[in-house]
Amino acid sequence: MRSMLKRALFAMCVVVSAHAAPNNNTKAADDIERYLAERGLTAQIELIRQNVGDKASELVVNAMNFLGVPYRRGGTDERGFDCSGFVRSMYEQTIGLVLPRRAKDQAAATEKIDKQELKPGDLVFFNTMRQTFSHVGIYLGDNKFIHSPKPGQQVRVDDMREAYWQRRFTGARRVTENADKQD
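Basis of the calculations
- Note on numbering: residues in each chain are counted from 1, in written sequence order.
- Two thresholds apply to this predicted model, a pLDDT of at least 70 for residue-level local features and 80 or more for giving and counting side-chain atom pairs, whereas whole-chain, interface and lining totals are computed over all residues.
- Each side-chain value is worked out from all heavy atoms of the structure, with water and hydrogens disregarded.
- The way it works is that DSSP assigns letters per residue, a run of H or I at least four long becomes a helix, a run of E at least two long becomes a strand, and they are numbered from the N terminus.
- In protein, a polar contact requires one atom able to donate a hydrogen and another able to accept it; more generally it is a pair of N or O atoms within 3.5 Å, and residues adjacent in sequence count only if both atoms are side-chain atoms.
- The method works on a 1 Å grid over the protein atoms by themselves. A cavity is a set of points holding a 1.4 Å probe that cannot get out, a pocket is an open set with protein on both sides within 12 Å along at least five of seven lines, and residues with an atom within 4 Å of a point line them.
- Grid points are joined across faces, edges and corners, and a volume is the space filled by probe spheres set on the points.
- Following the grouping adopted for this structure description, the nonpolar residues are Ala, Val, Leu, Ile, Met, Phe, Trp, Tyr, Cys and Pro, the charged ones are Asp, Glu, Lys and Arg, and the polar ones are all others, Gly among them.
- Whether two strands pair comes down to DSSP finding at least two bridges between them.
- Orientation is described by axes fitted as lines to C-alpha atoms, over the contacting stretch for helices, and by angles from 0 to 180 degrees between their N-to-C directions.
- Any two residues whose heavy atoms approach within 4.5 Å are treated as being in contact.

**Q** Please give an account of the side chain of arginine 88 that cites residues and values.
**A** Tracing the backbone through its elements, the reader meets arginine 88 in helix H5 (residues 83–94). For arginine 88, the side chain forms a polar contact with the main-chain oxygen of leucine 99, separated by 3.0 Å.

**Q** Any chance you could break down the layout of surface pockets for me, citing the residues and the numbers?
**A** A probe as big as a water molecule, rolled over the atoms, marks out the empty space that is left. The calculated volume of the largest pocket comes to roughly 560 Å³. When residues of the lining of the largest pocket are traced back to their parent elements, those giving at least two are H5, helix H6 (103–108) and helix H7 (163–168). For the lining of the largest pocket, the per-class residue count stands at 9 nonpolar, 8 polar and 7 charged.

**Q** Hey, could you go over the sheet that holds strand E7 (residues 156–159) for me, with residue numbers and the actual values?
**A** Within the open sheet, the 6 strands sit side by side as E3-E8-E4-E5-E6-E7. Their pairing is antiparallel. Each having just a single partner strand, strand E3 (111–113) and E7 make up the two edges of the open sheet. Taken pair by pair, the neighbouring strands of this sheet meet at an average axis angle of 40 degrees, ignoring direction. As judged from the 4 bridges shared by strand E4 (residues 123–126) and strand E8 (residues 169–174), these two strands associate in the antiparallel manner. Its bridge partner lying in E8, phenylalanine 126 is registered against phenylalanine 169. Sheet strands touched by H5: E4, strand E5 (135–141) and strand E6 (144–147). Its angle to E5, the strand with the most contacts, is close to 50 degrees.

Purely spatial values, then, with no claim about function.
See below:
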């Protein structure tokens, strides 16, 4: 478990250190700490590890390893993901469940829950294409979710309290064992 946390932190460090001055380890370390703190990720990773089951924390940590991977329509691997491909891949790699390929099918195959019941690893859905359940991400806790947003962007963490996401939120779902449906 600790090695997965270290891998996630390392992945985040790589993203940040690309912007740090070369040969300045102190500055790079400060930049990394600031990056993680500004995004609420340091405490969030530790809270997830402490408060949810091992599978959910492994899922979240695994997803964090893919921060910065580009959006790719139809993508389902480290070369690029679309939103549902990202979710499907994270669940298959970490939990061993194969979710349906499309966001709306993932919503249909999972258990509806209230927004107030969200736990790390649950799915959050949005209407981004004038369609209910047209976008999906993985809930991290503290109103944050990780997703592959759209062409030209990368896997990232966003806050569901941002006006854009608040207006488009269409539901929360929990993945259960019977969600293992291939299409």
